[in-house]
2 protein chains.
Amino acid sequence: MEKREEAKELVEEEEQVVNPWEVSAKDGGKIDYDKLIDKFGCQRLDESLIQRVQRLTNRPAHVFLRRRVFFAHRDFNDILDAYEKGQKFYLYTGRGPSSEALHLGHLIPFMFTKYLQDAFKVPLVIQLTDDEKCMWKNLSVEESQRLARENAKDIIACGFDVSKTFIFSDFDYVGGAFYKNMVKVAKCVTYNKVVGIFGFTGEDHIGKVSFPPVQAVPSFPSSFPHLFSGNDNIRCLIPCAIDQDPYFRMTRDVAPRIGYHKPALIESSFFPALQGENGKMSASDPNSAIYVTDSAKEIKNKINRYAFSGGQDSIELHRKYGADLEVDIPFKYLGFFLDDDAELERIREEYGSGRMLTGEVKKRLTEVLTDLVERHRRARALVTDEMVDAFMAVRPLPNMFN
Amino acid sequence: MEKREEAKELVEEEEQVVNPWEVSAKDGGKIDYDKLIDKFGCQRLDESLIQRVQRLTNRPAHVFLRRRVFFAHRDFNDILDAYEKGQKFYLYTGRGPSSEALHLGHLIPFMFTKYLQDAFKVPLVIQLTDDEKCMWKNLSVEESQRLARENAKDIIACGFDVSKTFIFSDFDYVGGAFYKNMVKVAKCVTYNKVVGIFGFTGEDHIGKVSFPPVQAVPSFPSSFPHLFSGNDNIRCLIPCAIDQDPYFRMTRDVAPRIGYHKPALIESSFFPALQGENGKMSASDPNSAIYVTDSAKEIKNKINRYAFSGGQDSIELHRKYGADLEVDIPFKYLGFFLDDDAELERIREEYGSGRMLTGEVKKRLTEVLTDLVERHRRARALVTDEMVDAFMAVRPLPNMFN
């Protein structure tokens, strides 16, 4: 029964593929997120849950919640139930360090995680899967570790609290309690199962088959004895993009069998490429994305030249029909990064009705992103090697719940 | 081509199966070691090699060499070539801690490794694969680790030199440089390849698929930076039973691709069960083997009651035809553990010709094994927890080549 379902999943994936290594919509169109929620079996993040977060944290919901960038979850309500009763939780997110510079899409989970850390006052573990990238991208061990450290600087620049945050590289940290949990997980997952979940083939190397437990076990507090020793029942909440869901479906399946809580998830949609929702942000095409290393001039240029516009072909037609906001990238990007709800609403109306032109929207987006990137760059310039060492030190965090 | 050969190997194995988890001869007969050498592609250990060992070490060859208990090798001559030029090597052996008490068969690689350590004056790493046993025998992590420590005491009791020996448990030691090498190996081995080598199926858990690199990487000095840092070119010699050959065939295949020397091997045949060469020493049948925990009375009783005799059915027939030494277990056991070549030769002649009776041979074997087990027991009683900690401490061994 289970196997038949997995086979069906593989067939369906021929139409829309979403897994940790590939995201592609059916026939080059848009990702169907409703279908994804159904297929993965997660839950939609609804308004009442967002209201509840605001109530419990005494602060407005993050723009990524209000705009439903984070749109799906698993058991997030259970985390809030427990939190309401005074039970704390911890956050777990991560990054595969495959490139030197991050683009805006990479920042989204970290910006959101920082908000969660501040709002709930909880500890956070950040996994840098240098082992994964070494194996999938055929980077050397040394280069993967170098990229992990460089990426850690960008992550730290997002403003995480060093007294509540542990960043680790797999190459450094795998071992001991963490490795014991890897073995416990691996014992519970058959090869056929990972083929069903991840689509590996017999010609894939065994490193790929071995990796899922590595990403699974930060979900369990006992993997971090220096943080949670004596607190083994604490729950875990994972903010991530929904392409990571397969790892955590596997993890949630295994957790009760080895005596652990299932981790909860809060999952985001994908940040679109400048060329549009059916385009791809790709490291091989620097014009497909805005990087945190781009200069103000580059940002302006990329937006003006490459951001797919939903505006009409002539000013006359535009004034008559207005912009197609469903496909307009400048407007979509503002939806992610313009915090002011009233202004966004005004732009939606003005641009959608044709009173505002693409050029004006692009100008506003350029301001917003230049500001964001400049702030990030200034913050990153202040991140020293000593700070990286401090975040990555295996150490207790005595004030992590304060 | 390679795949076809592996498939052929699997078919052949239906007749005689030798892998790390199963050793069974064709039709319940004896293992055909010549066929095994051909199939595995290793080399026979010949007299000239043994003479060379004696010359290089200035001492008589160990009984296990003289009697060809260790009968096959891979590149052992290269190790000796290098040694002759003054280049040192290190030894690597191991044990899967699946039971509390060891039997005589378990002691063989350790007794032989101690001889090699003493004769060549080289360092030794001993891997306790508690992770493997946790996964294959479905032991808990804690129980596997407890057995690893108990087994370490028996291993230490074999007389290893703490200034030259590092014993490690995978659960404790996997990580860092060791894990980096695991990833390097895993990248070079496809799933189809491990299926060809080890016969895994899709319903096997992924822990099994992940394990071969764990047993592979102690073959590489860079897995032990506390021992060999700055000495990354040192060669590795692995004394083991030939059922472990599949791991090291894989390792030798990968080694040059990741810039390392292939490990050399010196491989033993299997120690037969009391019931005969086609019997099995099995933890579920305590009468199939002599354990290092057996009392003198138990040893005497097991030999007298269970050791398969090649003697004839009556004294008259025995005096006439003599014992069939090809199947006689008391004589075979003496071949492993009676060091005196002249006495063994005398017994071969007297017993084989019928002048000596099974009872007399069993009596001599009882003396030899009682003495061996008593000496082991006394040595093990002296092994303290502090000594185990000392052998297992991750530490440099400054005098390991002296």
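Overview of the structure. The residue numbers shown here count from 1 along each chain, following its written sequence. For this description, chains carry letters from A and ligands carry numbers from 1, given in the order in which they are written. Only residues with pLDDT of at least 70 get local features here, since the model is predicted, and only at 80 or more are side-chain atom pairs given and counted; chain-wide, interface and lining totals rely on the full set of residues. The side-chain figures draw on all heavy atoms in the structure; neither hydrogens nor water molecules are used.

**Looking at the packing of aromatic side chains**
Ring pairs (aromatic) are described by centroid distance and by the angle formed between their planes.
So, step 1. We call Phe, Tyr and Trp rings a pair once their centres come within 6.5 Å, taking the six-membered ring for Trp, and we label the pair stacked below 30 degrees between planes, edge-to-face above 60, and tilted otherwise. Scanning all chains against the criterion turns up 77 aromatic pairs over all chains.
So, step 2. Between A:Phe64 and A:Phe336 the ring centres are 6.4 Å apart and the planes differ by 70°, which places this aromatic pair in the edge-to-face class. Residue A:Phe64 is located in helix H4 (residues 63-66), and its partner A:Phe336 is located in helix H18 (residues 329-337); the two are separated by 272 residues in the primary sequence.
So, step 3. To sort residues, take the accessible area from a 1.4 Å probe on protein chains only and compare it with the maximum for the residue type: under 20% means buried, over 50% means exposed, and anything in between is partly exposed. When its relative accessible area of 0% is taken as the criterion, A:Phe64 is described as buried.
So, step 4. You can call A:Phe336 buried: its relative accessible area is 9%.
So, step 5. Centre to centre, the rings of A:Phe171 and B:Tyr179 are 5.9 Å apart; their planes meet at 55°, and the pair counts as tilted. Of the two residues, A:Phe171 sits in helix H9 (residues 170-173) while B:Tyr179 sits in helix H10 (residues 176-186), which places them in two different chains.
So, step 6. The class for A:Phe171 is buried, based on a relative accessible area of 0%.
So, step 7. Classification of B:Tyr179 as buried rests on a relative accessible area of 4%. Numbering of helices and strands starts at the N terminus; helices are DSSP runs of H or I of at least 4 residues and strands are runs of E of at least 2.

**Quick notes on the nonpolar core**
General note: in soluble globular proteins, nonpolar side chains tend to be found buried as a group.
So, step 1. For this analysis, a nonpolar core means a set of buried residues of the types Ala, Val, Leu, Ile, Met, Phe, Trp, Tyr and Cys, connected via side-chain atoms within 4.5 Å. Ranked by size, the top nonpolar core spans 100 residues in total, and within it A:Phe224 and B:Phe224 carry the most contacts.
So, step 2. Contacts are residue-level and defined by heavy atoms, with any inter-residue pair within 4.5 Å sufficient. Every residue in contact with B:Phe224, bar those within four places of it in the chain, is listed here: B:Tyr90, B:Val125, B:Phe166, B:Phe168, B:Tyr173, B:Phe178, B:Pro218 and B:Ser229.
So, step 3. Counting 72 residues, the second-largest nonpolar core is a separate cluster that includes B:Leu45, B:Tyr83, B:Val122 and B:Phe337.

**Re the sheet that holds strand S7 (residues 165-169) of chain B**
All names here are of chain B.
So, step 1. In this scheme, strands are said to pair when DSSP sees at least two bridges between them. Strand order in the open sheet made by the 7 strands is S3-S4-S9-S8-S5-S6-S7, with mixed pairing throughout. In this open sheet, the two strands that pair with only one neighbour each are strand S3 (43-44) and S7.
So, step 2. Two elements, strand S5 (residues 89-95) and strand S6 (residues 124-128), share 5 bridges in a ladder whose sense is parallel. In the sheet register, Tyr92 faces S6, and the bridge partner there is Val125.

**So, the relation of the copies chain A and chain B**
Each copy of the chain is related to the other by a rotation around an axis and a translation along that axis.
So, step 1. Copies are brought into register by a least-squares superposition over C-alpha atoms of residues with pLDDT of at least 70 in both. Taken as rigid bodies, chain A and chain B are interconverted by a rotation of 180° and an axial shift of 0.0 Å, the fit giving an RMSD of 0.0 Å. Taken together, the rotation and translation relating the two chain copies correspond to the operation of a two-fold axis. Relative to the rotation axis, the closest C-alpha in chain A is found at A:Gly175, a distance of 2.2 Å.
So, step 2. Looking at chain A, 100% of its interface residues are interface residues in chain B too, so the copies touch through the same face.

**Details of the packing of H18(A) against helix H19 (residues 341-352) of chain A**
Any two packed helices are characterised by how steeply their axes cross, that is the angle between the axes, and by the distance between the axes.
Residue and element names in this part refer to chain A.
So, step 1. Interaxial distance between H18 and H19 falls to 10 Å at its minimum, and their mutual angle equals 165°. When the interaxial angle is binned, H18 and H19 end up roughly antiparallel. The two elements H18 and H19 meet at a crossing, and its hand is left-handed. Contacts between H18 and H19 pair Phe331, Leu334 and Gly335 from the former with Leu344, Ile347, Arg348 and Tyr351 from the latter.
So, step 2. In this classification, the charged set is Asp, Glu, Lys and Arg, the nonpolar set is Ala, Val, Leu, Ile, Met, Phe, Trp, Tyr, Cys and Pro, and all remaining amino acids, among them Gly, are polar. Of the residues assigned to the contact of H18 with H19, the class counts are 5 nonpolar, 1 polar and 1 charged. Working convention: axes come from line fits to C-alpha atoms, limited for helices to the stretch in contact. Angles between N-to-C directions cover 0 to 180 degrees. For classification, angles of less than 35 degrees are called roughly parallel, those exceeding 145 degrees roughly antiparallel, those between 65 and 115 degrees roughly perpendicular, and all remaining angles oblique. Crossings are classed by handedness, with left-handed meaning an anticlockwise turn of the near helix from the far one by less than a right angle and right-handed meaning a clockwise turn.

**What about the pattern of salt bridges?**
So, step 1. We define a salt bridge as a side-chain nitrogen of Lys or Arg found within 4 Å of a carboxyl oxygen belonging to Asp or Glu. Across all of its chains, the model carries 65 salt bridges over all chains by this definition.
So, step 2. Residues A:Arg375 and A:Asp371 are paired through a salt bridge, measuring 3.2 Å at the closest nitrogen-oxygen approach. Of this pair, A:Arg375 and A:Asp371 both sit in helix H20 (residues 358-381), separated by 4 residues, roughly a single helical turn.
So, step 3. What makes A:Arg375 partly exposed here is its relative accessible area of 45%.
So, step 4. A salt bridge links B:Asp389 to B:Arg149; the shortest N-O distance between them is 3.0 Å. Residue B:Asp389 is located in helix H21 (residues 385-392), and its partner B:Arg149 is located in helix H8 (residues 141-156); the two are separated by 240 residues in the primary sequence.
So, step 5. Sharing partners across several salt bridges, the network here consists of A:Arg149, A:Glu150, A:Lys153, A:Asp154, A:Arg380, A:Asp385 and A:Asp389.

By themselves these figures say nothing about function.
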